[in-house]
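A structural walkthrough
Listed here are the chains, written in short residue letters.
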Amino acid sequence: MTANLSGPTDVDSSRDRRVRARIVIVTVLLVLVILAILVLSLLQRRQEILSAAERTAQNLAQVIEEQTKGSVAAVEVVLTGTATTMRLLPAKGGERKAAIHDLLLENVRKLPFLRAIWILDARGDMIHDSESLPGRYNLSDREYFRVHRDNPEYGLYVERPIRSRLGVWFIGISRRIDKPDGTFAGVIVAALEPKYLQRFYESIDVGKEGTVALMQPDGTLMVRAPAREDKIGEKLDPVPAYVGKLPHAASGSGRTVSAIDGVARIYTYRHVAGKPLVVLVELGETESLAGWRAVARAHVLASLAFVLMISWLSYLVLRELHSRSALSRALALDITARKQTEALLEGQRRALELVAVGAPLPQMLDMLVRIVEEQAPEMLGSILLLEADGVHLRHGAAPSLPEGFTRAIDGEAIGENAGSCGAAAFRREPVIVEDVATDPLWRDYRELAAAHDLRACWSTPIFDAQRRLLGTFALYFRTPCRPSERHRTLIAMATYIAAIAITKSLEEAKLRNLLLRLRDLSRRLLEVEETERRSINRELHDRIGQNLSILNLNLNLIRSGLSTNPPTAQGGRITEAQRLLESTIMQVRNVMADLHPPALEDFGLFAALCAHAESFGARIGMPIVVHGKELVPRPSPAVEISLFRIAQEALANAAKHAHAKRIEVTLANTPERVTLTIADDGTGFDAARLGMASWGITIMRERAEAARAALSIESAPGRGTRVVVEATRETA
């Protein structure tokens, strides 16, 4: 009986021990699994945040590189245009000096980031400057002067920041000026304001620990935000990590400790294409991970609480099940929030990529609105753009709004009672309309909204870095509602990225307009040159040519009036004078033909080419063959004279530099285009190294641009040169 009585007790005790052991084992395993998951998820999340920060830095660096490249390119265009225009100004005297000074001032006004432009002669003396500085200055000790003087092939030179002799910081951007014979004539220099770039860099949100800098490839600091003037123009020590990577990669990312303030940062660099500049964007690693640390602490505390809860619930099965269910719900919510955050970050990345690659503004805004709508399907997004008059709003993007509604509000004026968007733009502050049907702001648009089942609208103004109004971002809903904290986050993200996209689009439009104006100026200068050529041609014909002809006639009359056996000395002098006079008349006619060929106006381009080839070939002692026939219908006079001048320049280059034995000119004609080809069998040159250093090639390119024609030059050492110009016929 005892055995029988004790058996069940032992069995129960053994069962209890087994249950306790199992509970302990399960609890330990569960704790270990939780800790492992916690560590892995936190590490993964940390890496994701760092990767996202790196992508953000890459996108910002690409945007800044484009802005920097565009600014330097605009300066290069101004320098080249100024140097070219100077050749067309009066040769001497105060008139030339005043004209050059006006030209420099005009170019400085065109580019707000330029402080001044000055010109040095071959000795380094400052002969022209836009600021009219008192006294005389010799800048031959400047590095840019020595570089251009000693390296004729050197193109645009960007100098490290230096203080001028007046104590002002500037970045010198310079080009060499050559005489017509190719020798050194001086340097033209533009002083770029570092503060302009610094203000742009400071407008970029890189956080409290982030920095934006413009460097030289050797690690010399040029511009930095936040500003550190004590480091400007100095090579950082230790040398930044990107310096060792530049020879192998024009862009890259990594992590480093700043040589300036010792802060650990995530950096991205991009070498500005074709320029000795490097854009460097750094985001503070500690700042980037601040949110992650808060989440990590919360997760650790939650996990510890969960472990304690599991230990307690090991003894209380019912509470364990209850707690486990509650924890499952909490984890589900946390995962949902994390997925939403990840989706938002991915959307930001996609939007910034479109901005960085220069996508059209409607495409960027449409993508941005769709990204916001993906976060909450009940929302209908809209972006309106403020017109230049500052009064009317135009449709920017609204992929989900009814088309009839967007058409109806397109072009409406802003105002106190002009709906959510019009009021937000007028007040320059967010406007939240919870119920369109009752809010007085929608008094004039209430029926329109009701017809499209729109019941709520929240609108936020979009500003640029200088707080200039660009437009509005609005969210519409089918039911009355107010924004939550997550909605406010989405709105802040959308308005920020929209401001970047709109600002970039406006800046690109300004740059395009500037380039078009410069191109139009070049065309007008060429037209003025042709007008002057015609005027000189008429003057030579009407004054000098007629006088020489009359003089020749008088000599003939004098000769005929002498006796049949004139003195030998007098007859010889008269004969020599007539020969010299006839030679002078021929030279004047050649000059007149070069200035403005009469055959071009009277008979057309082909006849003018044949006449010029015959006379020019006779002068250089080389036959020039012309193929083709007269163009029917004739192109515009501007196209004809541009093609003729290009042919003149190409023939002169071939005779002077190529040492050719044969030159052929071919004029081809189709209903769509006119093609002019000048080919020689001379020494040729390396076309891959062809740049703006050749004045003749520069003139040909400007002539081609004036005629809206395409110019290509094919050449190789020992294989001759082939110049091809294709001009598109204008349609009626």
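Residues numbered from 1 in each chain as written. Predicted model: local features only at pLDDT ≥ 70, side-chain atom pairs only at ≥ 80, totals over all residues. Heavy atoms only, no water.

1. Some words on the packing of aromatic side chains
The description of an aromatic ring pair rests on the distance of the ring centres and on the angle between the ring planes. Inspection of every chain in the model, using the stated rule, returns nine aromatic pairs. Consider the rings of Phe145 and Phe184, whose centres lie 5.7 Å apart with planes at 70°: the pair is edge-to-face. Separated by 39 residues along the polypeptide, Phe145 in helix H3 (residues 143-150) and Phe184 in strand S6 (residues 184-192) bring together distant segments of the chain. Ring centres 5.4 Å apart and planes at 80° place the aromatic pair Phe405 and Tyr476 in the edge-to-face group. With Phe405 in helix H10 (residues 403-409) and Tyr476 in strand S16 (residues 469-477), this pair connects stretches of sequence that are 71 residues apart. (Phe/Tyr/Trp six-rings, centres within 6.5 Å; stacked < 30°, edge-to-face > 60°. Helix = DSSP H or I, 4+ residues; strand = E, 2+ residues; numbered from the N terminus.)

2. Re the sheet that holds strand S21 (residues 721-728)
Reading across the sheet, the five strands line up as S17-S18-S19-S21-S20 and stay open at both edges, with mixed pairing between neighbours. Each edge of the open sheet carries a strand with a single partner, namely strand S17 (624-628) and strand S20 (709-715). Along the sheet, successive strands turn relative to each other by an average axial angle of 10°, direction set aside. With five bridges joining them, S17 and strand S18 (residues 663-669) adopt parallel strand pairing. Within the sheet, the bridge partner assigned to His627 lies in S18 and is Thr666. On the sheet, helix H16 (residues 605-620) packs against S17, S18 and strand S19 (673-680) and is oriented at approximately 170° with respect to S17. Against the sheet, helix H17 (residues 637-658) touches S17, S18, S19 and S21, its axis set at about 10° to S19. (Pairing = 2+ DSSP bridges. Axes fitted to C-alpha atoms, helices over the stretch in contact; angles between N-to-C directions. Contact = heavy atoms within 4.5 Å.)

3. Considering helix H4 (residues 194-202)
For an α-helix the count is 3.6 residues per turn, leaving residues at separations of three or four pointing the same way. For H4, the complete set of buried residues consists of Pro194, Leu197, Gln198 and Tyr201. In an axial view of H4, the angular spread of the buried residues amounts to 100°, which keeps them on one side of the axis. Turned more than 90 degrees away from the buried face of H4, the exposed residues are Lys195 and Arg199. (Buried < 20%, exposed > 50% of the residue type's maximum accessible area, 1.4 Å probe, protein only. Arc of directions from axis to C-beta.)

4. Notes on the layout of surface pockets
Size it by volume and the second largest pocket reaches roughly 1,500 Å³. Gln67, Phe200, Thr503, Lys504 and Glu507 are the residues nearest the centre of the second largest pocket, which is lined by 44 residues in total. Listing elements by their share of the lining of the second largest pocket, those giving two or more residues are helix H1 (2-86), H4, strand S15 (456-463) and helix H13 (485-561). Of the residues assigned to the lining of the second largest pocket, the class counts are 21 nonpolar, eight polar and 15 charged. (1 Å grid on protein atoms, 1.4 Å probe; cavity = no way out; pocket = protein on both sides within 12 Å on 5 of 7 lines; lining within 4 Å. Points joined across faces, edges and corners; volume = space filled by probe spheres on them. Nonpolar A, V, L, I, M, F, W, Y, C, P; charged D, E, K, R; others polar.)

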